[in-house]
Amino acid sequence: MRGTRMTAADITEAVQRSFDGCPDARLRTVLQSLVRHLHAFAVEVGLAEDEWREGIGALTATGHITDERRQEFILWSDAFGVSMLVDALANPLPPGATESTVLGPFYAPGSPARGYGESIAEGQAGTPAWVHGRVLDVDGRVIAGAELDVWQNGDNRLYAVQDPEAPEHHLRGRFQAREDGRYAFLAVRPVPYTIPHDGPVGGMLAATGRHPWRPAHIHMIVRAPGYRTLTTHIFDAASEYLDSDAVFAVKPSLVREFVRRSPDDPERPAGADREWYSVENDLVLVPDAAAGPGRTA
Ligand SMILES: [Fe+2]
C-alpha cells in the first residue's frame, strides 16, 4: 500500500471488507450492501462537504424533533416511499386479498373495544359515515370474530394524538366482526390533511416543490387468528390528492365510494341525525401459511 494513493473505490472496498468477519450472515449482507449503495450515491452525485454537513444536520434535527408523539424518521421513510417499498416486499398477496398500505405515524395502541355499529367519535368531528362490510378469506368464506383496529382524523384534520383538545380515545376503536363476518362502525367522513411539515421533512418538501398533503382516508389493522395481519386504509374516492399522496400510499383497489344518504333513509344509524354517508368495504385476509415471510405486527 505504501506509496500508492487511496482511491474512492479503495475506501468503499475497505469498509465493506471490515464486515467480512460479521458472524450474522444477514447483518453482514445488509451492512455491506448499505455501504456499497451509500458510497455509490455519494460518488454519483459528487457529494460536496457542505452537502454532507447539511445531511448530517437534517439527521440531527430529525433526532431532536422525534419523541413518543412525533416520529420524524418514519416521516422520512414515508416521504421517500421507503415505507411503501418495504410493505410491497413484505406483503406479496394472492389475487383477491385486500392490499396493505402504510401504518403511518398516528397509530396509537390501546384503542377501546366498541360494540358493533358504535361510533368512534367522542364529540362532534364531521359528517357521519357508516363503514360496513365483511371479513372474508380469499375463497369468499366468512372469517368470524376478526378484530378491526380503526383510527382516523376529524374535520379539524387532526388525529386524537395530535389534538390536545381531543379525548384520548376520540376517533379510534377496536371492533369485532360478528359470527357472520360482518362488521360496522360509525365513523366521520375523513378529510385530507398534511403530514407534519414544520420539521426537516417539511424543509425537504418545501425545497423541492412537493406538497405535504394526504388524501382523505380511514386507517385499519385487521387481525384474525391464523391469518396474516392486514394494515390498510379506506381512501375516499372523492378526495383531493389521490394522485399525489405525500407518502405514496394510495392503491387503486383501496379507493371506495362514500355514498351520500338522506336523513330519512330507513337504514340511518343512530348518531347520524342529518346528512350522512355510507361506505361498504369487504376485507379479504390471507392465511398465515400462504403469506410467506413478513411482519406480523
Ligand atoms: Fe392517516
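Structural notes, computed from the coordinates. (Residues numbered from 1 in each chain as written. Predicted model: local features only at pLDDT ≥ 70, side-chain atom pairs only at ≥ 80, totals over all residues. Heavy atoms only, no water.)

Across the seven residues that make up strand β8 (residues 230-236), a large majority, seven, are buried. Both faces of β8 are covered, namely the face carrying Leu230, Thr232, Ile234 and Asp236 and the face carrying Thr231, His233 and Phe235. Note: strand β7 (residues 217-223) against β8, six bridges, orientation antiparallel. Residue pairing across strands places histidine 217 opposite phenylalanine 235, the latter belonging to β8. Counting the residues in the hairpin turn of β7 and β8 gives six residues, including glycine 226, whose phi is positive at 90°. Pairing of β8 with strand β9 (residues 255-256) involves two bridges; the strand directions are parallel. Across the sheet, residue phenylalanine 235 finds its bridge partner in β9, namely valine 255. (Buried < 20%, exposed > 50% of the residue type's maximum accessible area, 1.4 Å probe, protein only. Helix = DSSP H or I, 4+ residues; strand = E, 2+ residues; numbered from the N terminus. Pairing = 2+ DSSP bridges.)

This brings us to helix α5 (residues 82-90). For α5, the set of buried residues is Ser83, Met84, Asp87 and Ala90. Taken around the axis of α5, the buried residues stretch over an arc of 130°, which confines them to a single face. Among the exposed residues of α5, those oriented more than 90 degrees off its buried face are Leu85 and Leu89. As for α5, its buried residues are in contact with α4 (72-79). (Arc of directions from axis to C-beta. Contact = heavy atoms within 4.5 Å.)

Attention now goes to the nonpolar core. Val131, Val135, Leu148, Tyr183, Phe185, Met220 and Val222 are the most contacted members of the largest nonpolar core, which totals 27 residues. Those elements giving two or more residues to this core turn out to be β1 (128-137), β2 (147-152), β4 (182-188), β7, β8, β11 (276-280) and β12 (283-285). If you tally residues by element for this core, the top one is β4, at four residues. Within the second largest apolar cluster, 14 residues are counted, among which are Val201, Phe235, Ala246 and Ala249. (Core = buried A, V, L, I, M, F, W, Y, C linked by side-chain atoms within 4.5 Å.)

Around the iron ion, the protein contributes the donor atoms Tyr159 (OH), Tyr193 (OH), His217 (NE2) and His219 (NE2), at 2.0 to 2.1 Å from the metal centre. One can describe the donor arrangement at the iron ion as irregular, given that its four donor atoms subtend angles of 93 to 156° at the metal. Written as a sequence motif, the donor residues of the iron ion are Y-x33-Y-x23-H-x1-H. Of this pair, tyrosine 159 sits in the loop between β2 and β3 (172-176) while histidine 217 sits in strand β7, and the two are 58 residues apart along the sequence. Residue histidine 217 is classed as buried on the basis of its relative accessible area, which comes to 0%. (Donors = N, O, S within 2.8 Å, 3.2 Å for Na, K, Ca; no water. Tetrahedral: all angles 85-135°; square planar, octahedral: opposite > 155°, others 65-115°.)

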